[in-house]
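# A structural walkthrough
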Amino acid sequence: MSDDGGPAPIIQVTDVVKLYDDGLVRALDGVTMSAARGEFLAVTGPSGCGKSTLLQLIAALDRPTSGSIVVEGRDLREAGNDTYRRTGIGLVFQLHNLLPNLTALQNIEVAMFSNGRSHGEQRARARELLAAVGLGAKEKVTPPRLSGGERQRLAIARALANRPPILLADEPTGSLDSAAVDRVLELFREIREREGLTLLLVTHDAHVASTADRIVYMRDGKIVAAPEADVPAAAR
Amino acid sequence: MPFLALITRNVLTRRVRAGLTGLAVAIAIMTVVALGVLTHSLRRTAISVLQTGSADFTVAQKGVSDVLYSSLDNSQVARIKAEPGVQSIVGVLVAAIKLDSNHPFFLELGIPPDELAPFGVQILKGHPYTATATNEVMLGWRASQDLHKNVGDVINIDGNNFTVVGIYSVGNVFGDSASMLPLTTLQTNERKPGNVTLAFVKVTPGTNIDALRKRIEQANPEIATVRTQSEFGRVDRNLSLISAANVGITIMALIIGAIGVMNTMVMSVFERTREFGVLRAVGWTRARVLTLVMGEALLISFVGAMAGVVLGYLAIKGIQRVPELVGVFQPDYTSAIFARALGIAFGMAFLGALYPAIRAALLVPMEALRHE
Ligand SMILES: Nc1ncnc2c1ncn2[C@@H]1O[C@H](COP(=O)(O)OP(=O)(O)OP(=O)(O)O)[C@@H](O)[C@H]1O
Ligand SMILES: [Mg+2]
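Residues numbered from 1 in each chain as written. Chains lettered and ligands numbered in written order. Predicted model: local features only at pLDDT ≥ 70, side-chain atom pairs only at ≥ 80, totals over all residues. Heavy atoms only, no water.

### Notes on the overall build of chain A
Put simply, the rule reads: In DSSP terms, a helix is any run of H or I states spanning at least four residues, a strand is any run of E spanning at least two, and both are numbered starting from the N terminus. Our radius of gyration looks at C-alpha atoms and nothing else; its globule reference is 2.2 Å times the residue count to the power 0.38. Burial here depends on accessible area, computed with a 1.4 Å probe over protein chains only, as a share of the maximum for the residue type. Under 20% is buried, over 50% is exposed, and the range in between is partly exposed. Throughout, a contact is declared for two residues whenever any of their heavy atoms are within 4.5 Å.
Check the secondary structure of chain A and you find eight helices and 10 strands. The C-alpha radius of gyration computed for chain A amounts to 17 Å, which stays within 12% of the reference 18 Å derived for 236 residues, consistent with globular compactness. Taken along the three principal axes of its C-alpha coordinates, chain A extends 45 × 40 × 40 Å. Out of the 236 residues belonging to chain A, those deemed buried represent 53%. Of all intrachain contacts in chain A linking residues separated by at least 6 positions in sequence, the fraction that spans at least 24 positions is 71%.

### Details of the site of ligand 1
Keep this limit in mind: A cutoff of 4 Å decides nearness: a residue is near a molecule or strand if any of its heavy atoms lies inside that distance of it. The term polar contact refers here to a pair of N or O atoms within 3.5 Å; inside protein, the definition further demands a hydrogen-donor-capable atom paired with an acceptor-capable atom, and it admits residues adjacent in sequence only when both atoms are side-chain atoms. We get accessible surface area from the Shrake-Rupley algorithm with a probe of 1.4 Å; when it comes to residues, only the shown protein chains can shield them. Polar here means any residue outside two lists: the nonpolar Ala, Val, Leu, Ile, Met, Phe, Trp, Tyr, Cys and Pro, and the charged Asp, Glu, Lys and Arg; Gly therefore counts as polar.
Around ligand 1, the structure places 15 residues, and the nearest of them are Ser47, Gly48, Lys51, Ser52 and Thr53 of chain A. Around ligand 1 the close residues trace back to chains A and B. In the model, an oxygen atom of ligand 1 is placed 2.7 Å from a nitrogen or oxygen of the Ser52 of chain A side chain. Taking 630 Å² as the accessible area of ligand 1 by itself, protein coverage stands at 72%. The element contributing the most residues to the shell around ligand 1 is helix H1 (residues 51-58) of chain A, with three residues. Its residues placed into classes, the shell around ligand 1 shows four nonpolar, seven polar and four charged.

### Thoughts on unusual backbone geometry
Comment: phi is negative for the bulk of residues other than glycine, and the bulk of peptide bonds are trans. Residue and element names in this part refer to chain A. The backbone of Asp21 shows a phi angle near 50 degrees, a positive value even though the residue is not glycine. In this fold, Asp21 is placed in the loop between strand S1 (11-20) and strand S2 (25-35). With a phi angle near 50 degrees, Glu171 is a residue other than glycine that sits in the positive phi range.

### So, the interface of chain A and chain B
The criterion, for reference: When two parts are put together, the accessible area they lose, computed with a 1.4 Å probe and summed over both, is reported as buried area. Just to be clear on terms, a salt bridge is a Lys or Arg side-chain nitrogen sitting within 4 Å of an Asp or Glu carboxyl oxygen.
Counting from both sides, the interface comprises 26 residues of chain A and, opposite them, 24 residues of chain B. Taken together, both faces of the contact between chain A and chain B bury some 2,200 Å²; the carbon and sulfur share is 58%. On the chain A side of the interface with chain B, the three residues burying the most area are Leu61, Asn101 and Phe113 of chain A, jointly 26% of the side's total. Our enumeration of links across chain A and chain B arrives at one salt bridge. Taking the shortest distance from any N to any O, the salt bridge between Arg280 of chain B and Asp82 of chain A comes out at 3.2 Å. For the pair chain A and chain B, the interface holds nine residue pairs in polar contact (both at pLDDT 80 or more). Broken down by secondary-structure element, the contributors of at least two residues to the side of chain A that touches chain B are helix H2 (82-88), helix H3 (104-109) and helix H4 (119-132) of chain A.

### Regarding the confidence of the model for chain A
Put simply, the rule reads: Scored from 0 to 100, pLDDT reflects the predictor's confidence in each residue.
On average, residues of chain A score 88 in pLDDT, and 93% of them reach the 70 mark or higher. Overall, residues 230-236 of chain A carries pLDDT values under 50, and its contacts beyond four positions in sequence, including any with other chains, amount to eight contacts.

### Concerning helix H5 (residues 148-159) of chain A
Defined as follows: One fewer than the residue count of a helix, multiplied by 1.5 Å, yields its expected span.
Its 12 residues give H5 of chain A an end-to-end C-alpha distance of 17 Å, which sits within 8% of 16 Å, the value for a rise of 1.5 Å per residue. With 10 of 12 residues buried, H5 of chain A lies mostly within the body of the structure. The set of residues buried in H5 of chain A consists of Gly149, Glu150, Gln152, Arg153, Leu154, Ala155, Ile156, Ala157, Arg158 and Ala159 of chain A. Buried residues along H5 of chain A sit in contact with strand S6 (89-92), H3, H4, strand S7 (166-170) and helix H6 (178-195) of chain A together with helix H10 (273-281) of chain B.

### Remarks on empty space enclosed by the protein
Residue and element names in this part refer to chain B. Convention followed: Only protein atoms enter the 1 Å grid, on which a cavity is a set of points fitting a 1.4 Å probe that cannot get out and a pocket is an open set with protein on both sides within 12 Å along at least 5 of 7 lines, lining residues being those with an atom within 4 Å of a point. Grid points are joined across faces, edges and corners, and a volume is the space filled by probe spheres set on the points.
Overall, the coordinates contain five cavities of 30 Å³ or more when judged by the stated rule. Counted as a void, the largest cavity has a volume near 90 Å³. Around the largest cavity, the lining residues are Asn10, Val11, Arg14, Arg17, Ala18, Thr264, Met265, Ser268, Arg272, Glu296 and Ile300. Secondary-structure elements contributing two or more residues to the lining of the largest cavity are helix H1 (3-13), helix H2 (15-51), helix H9 (237-271) and helix H11 (286-320). Top element by residues in the lining of the largest cavity is H9. It accounts for three residues. Within the lining of the largest cavity, the residues separate by chemical class into four nonpolar, three polar and four charged.

### Points about the sheet that holds S2 of chain A
Residues and elements named next belong to chain A. Quick reminder of the rule: Any two strands are treated as partners once DSSP identifies two or more bridges connecting them.
Pairing in this open sheet of four strands is antiparallel, and the strands run S2-S1-S4-S5 from one edge to the other. The sheet terminates laterally at S2 and strand S5 (74-75), the two strands that pair on one side only. Sheet analysis places strand S4 (residues 66-71) next to S5, joined by two bridges and oriented antiparallel. In the sheet register, Val70 faces S5, and the bridge partner there is Asp75.

### Some points on the packing of H9 of chain B against H11 of chain B
Residue and element names in this part refer to chain B. Which entries qualify depends on this criterion: Angular values range over 0 to 180 degrees, each being the angle between N-to-C directions of two axes fitted as lines to C-alpha atoms, with helices fitted over their stretch in contact. Every angle not falling under 35 degrees, over 145, or within 65 to 115 is termed oblique; those three ranges are roughly parallel, roughly antiparallel and roughly perpendicular. Crossing handedness is read from the near helix: turned anticlockwise from the far helix by less than a right angle, it gives a left-handed crossing, and turned clockwise, a right-handed one.
Packing of H9 against H11 leaves a shortest axis separation of 11 Å and a crossing angle of 140 degrees. Our classification of the angle between H9 and H11 gives oblique. Crossing of H9 over H11 shows right-handed handedness. Of H11, the residues touching H9 (which contributes Val261, Met265, Ser268 and Val269) are Val293, Glu296, Ala297 and Ser301. For the contact of H9 with H11, the class distribution of residues is five nonpolar, two polar and one charged.

This is the structure:
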């Protein structure tokens, strides 16, 4: 699955194993994959195959049991991933994980603490992002009063707050109807055009996956060469 | 968004809980302030007894519950007078009586007229009483104003009529709110012939005062000498007990407040596990998470402490109305007491928030996100 030759990949995952519950669960079973700079990569496969686990390890939210993950030449096993999480990546969770007591604007601003910019600049950036995801009029609204699609767009806006070179998104369209899905996909396309970032999208929706440059298929914690015929149906 | 704004926002989100915690802190701080002012003021009032006059040190009976119960007899005073280095010693009998309901604690100081000047008494009006007069009294200028009695007026003290012959000043509130009369007259009225409460010693210039005090205390194991405020506990056990109780209650208030803060913050951190996971996932450092939790506890404690200081002030106003304390208790608000109250509020927040804050900071982002 890794590209041979050409420029060094921005994300390189090598022989990654992730065990849970003292080895009873093999969430990832020797995964090797990579993403090129600027690429839009979809990771797909049936429920429980390890997609979220892979994304979380790339996001340095947890450590692999074995194997290595190198992002922009930096091995994530070396300590101190706070800065990497803040500025190296943007993360959109499977559940949007917004803070319910903060307004839409503040939800974006909390991601910008200690990024070295003034409060004024942070606020301006947050407004710009809200406008970009079509929530310009909702800056004072808290997440519980936003629709599912609006929440997902707000989560995407937050992930982009510190202009990361990589956006990791876990089922960003999972709970949306087809109009809202199209809206999010359109948003991703715009963002990639404007910011030129690398997009790694986890989804079990074949239509969403088909919009990517390249699709990586997973099954039982491993990367597989060809899609199972029944993947999209079984995942739902 | 400034960090402080986020802290405020988080506290206001759980305003009922924050309010109740703040109230607990406020009550603890109120106790600390009220007791602190009370103890400090009582101590200062009592100390004034020993500092009336211009002595080098004061002699009293050792270990009595209240300095006014101290009793020294003629022979003890004579023995001290014989010590080399003692230039003069003035024995004073102090009696506390109830004048009327507005003046439940009025002091009579029995002192021979020829000792008034060496003792540091200044006559402002009229003249001193004679040594054997049984119906002459001098009033301190504050007492004179307070009782509306001037030179020539008659005043009934404890069933006896006295004529006010002079108004004096000794330069402290306590002495200037009292009365003076001949020592022998007061000894007769109080049925304590030959007895005094305190003796005030002046030394000959060049004497080593501490060495002299040591000699006196070794030769007379039943008496104590007092020179500074901190030594006062040696002759007034009540006051040292009050001070000890004050320290004890302050520590208890600190612990109770800290437990209240801890309870609130532990609950809050537990409920917000997922939130901390999100914050770590968007790049917050452990230190920033720790600071957030600490900051929230500090804000609650600080606001609680402000309310507590106000409540403490009102409590003192209430205590001042207790009839038994009228005239004894002059509230003395020192900045040290308020500084200590703030320090204690800070301590509560720190002790109470330390464990929950560390817990929040040590959460593994992935596990925190999976919570619930
Ligand atoms: N913290 C954990 N403890 C134990 N097992 C876990 C843990 N996290 C994931 N697993 C297990 O690891 C496997 C992979 O989980 P993962 O969440 O990566 O799947 P997924 O492909 O994202 O599925 P879905 O499409 O349903 O989101 C599953 O069998 C899951 O039960
Ligand atoms: Mg998943």
